[in-house]
Amino acid sequence: KVLRPDIEKQIAGDIALLSSVASLVERTHPNADKIRPREIVREVESTLAAELDLQREGANASVIRRFWMGKDGQDSPDLYVPEVIWSHTAERVLTLERVYGIPSDDVAALDAAGIDRSALAAKGVRVFYTQVFRDNFFHADAHAGNIWVDATRPDNPRFIALDFGIVGQLPPRDQYYLA
């Protein structure tokens, strides 16, 4: 993954435009106090800033990979996170191990590979909630472009996670459910 030249300038222009629209919405929309458009723009700006630091993204990938490695150093049967090649990674360049898989929304390819989609869906729920509640560090951009399926194991397929620019953590009050 390589950042495009002058991407920061492009994003700054886009944020300036969004800020102008947010100001207009704030002055004219009857529910602006509920929508909070300036707060939304600040959140977008913060998220984009985090995604522009590819060393941070590599660190996020390494943390999730470590959580999903067994104590014996073996890969998880549920989630695979490619290894970061740190010798070829910098703030503007991220290099990960090459992986192959099926995008998680490619139903025809999953069926052709003999993947039990119902079992895969159940595994997906377990993987997500394990990240949220066991690890309190979760992949927060989980769409089909970023979550693939390792089809080399049709009887026990695992997910492959990609793109770690957006991760989440829960505050302590939300981490534990108390009845």
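The written sequence of each chain sets the order in which its residues are numbered from 1. Confidence filtering applies because this is a predicted model: local features only for residues at pLDDT of at least 70, side-chain atom pairs given and counted only at 80 or more, and all residues used for totals across whole chains, interfaces and linings. Side-chain metrics rest on all non-hydrogen atoms present in the structure, leaving aside hydrogens and water.

(A) Region of the structure containing the side chain of Asn146. Note on placement: Asn146 falls in the loop between β3 (138-139) and β4 (147-150). Contacts are residue-level and defined by heavy atoms, with any inter-residue pair within 4.5 Å sufficient. Apart from residues lying up to four places away in sequence, Asn146 is in contact with His139, Asp141, Ile160, Ala161, Leu162 and Asp163. Secondary structure counts use DSSP, requiring at least four H or I residues in a row for a helix and at least two E residues in a row for a strand, with both numbered from the N terminus.

(B) Fine view of a nonpolar patch on the surface. Like charges within 9 Å and nonpolar side chains (Val, Leu, Ile, Met, Phe, Trp, Tyr) within 5 Å are joined into patches, using only residues over 30% in relative accessible area that form no salt bridge. Methods summary: accessible areas were calculated by the Shrake-Rupley approach with a probe of 1.4 Å, and residue burial reflects only the protein chains presented. Throughout this description, the term salt bridge denotes a Lys or Arg side-chain nitrogen within 4 Å of a carboxyl oxygen of Asp or Glu. Where nonpolar side chains cluster on the molecular surface, the patch consists of Leu18, Ile35, Ile40 and Val44 and spans about 290 Å² of accessible area. Within the fold, Val44 resides in helix α3 (residues 37-51). Residue classification places Val44 among the partly exposed residues on the basis of a relative accessible area of 33%. Each residue is placed in one exposure class: buried if its accessible area under a 1.4 Å probe, protein chains only, is under 20% of its type's maximum, exposed if it is over 50%, and partly exposed if it falls in between.

(C) Representation of the nonpolar core in the model. What we call a nonpolar core is a set of buried Ala, Val, Leu, Ile, Met, Phe, Trp, Tyr and Cys residues that are connected through their side-chain atoms within 4.5 Å. Residues Ile64, Leu79, Val81 and Phe159 are the most contacted members of the largest nonpolar core, which totals 25 residues. When contributions to this core are tallied by element, the ones reaching two or more residues are α1 (7-28), α4 (54-67), α6 (117-135), β4 and β5 (158-161). For Val81, the contacting residues outside a window of four places in its chain are Ala61, Ile64, Arg65, Ala161 and Phe164.

(D) Summary view of the pairing of β5. Every second residue of β5 is oriented toward a common face, with Arg158 and Ile160 on one face and Phe159 and Ala161 on the other, all of them buried. Paired strands are those between which DSSP finds at least two bridges. In terms of strand pairing, strand β1 (residues 79-80) meets β5 through two bridges, oriented parallel. From the neighbouring strand, Tyr80 faces β5, where its bridge partner is Ile160. Examined bridge by bridge, β4 and β5 share four bridges and lie antiparallel to one another. Note that in β5 the partner of Asp150 across the bridge is Arg158.

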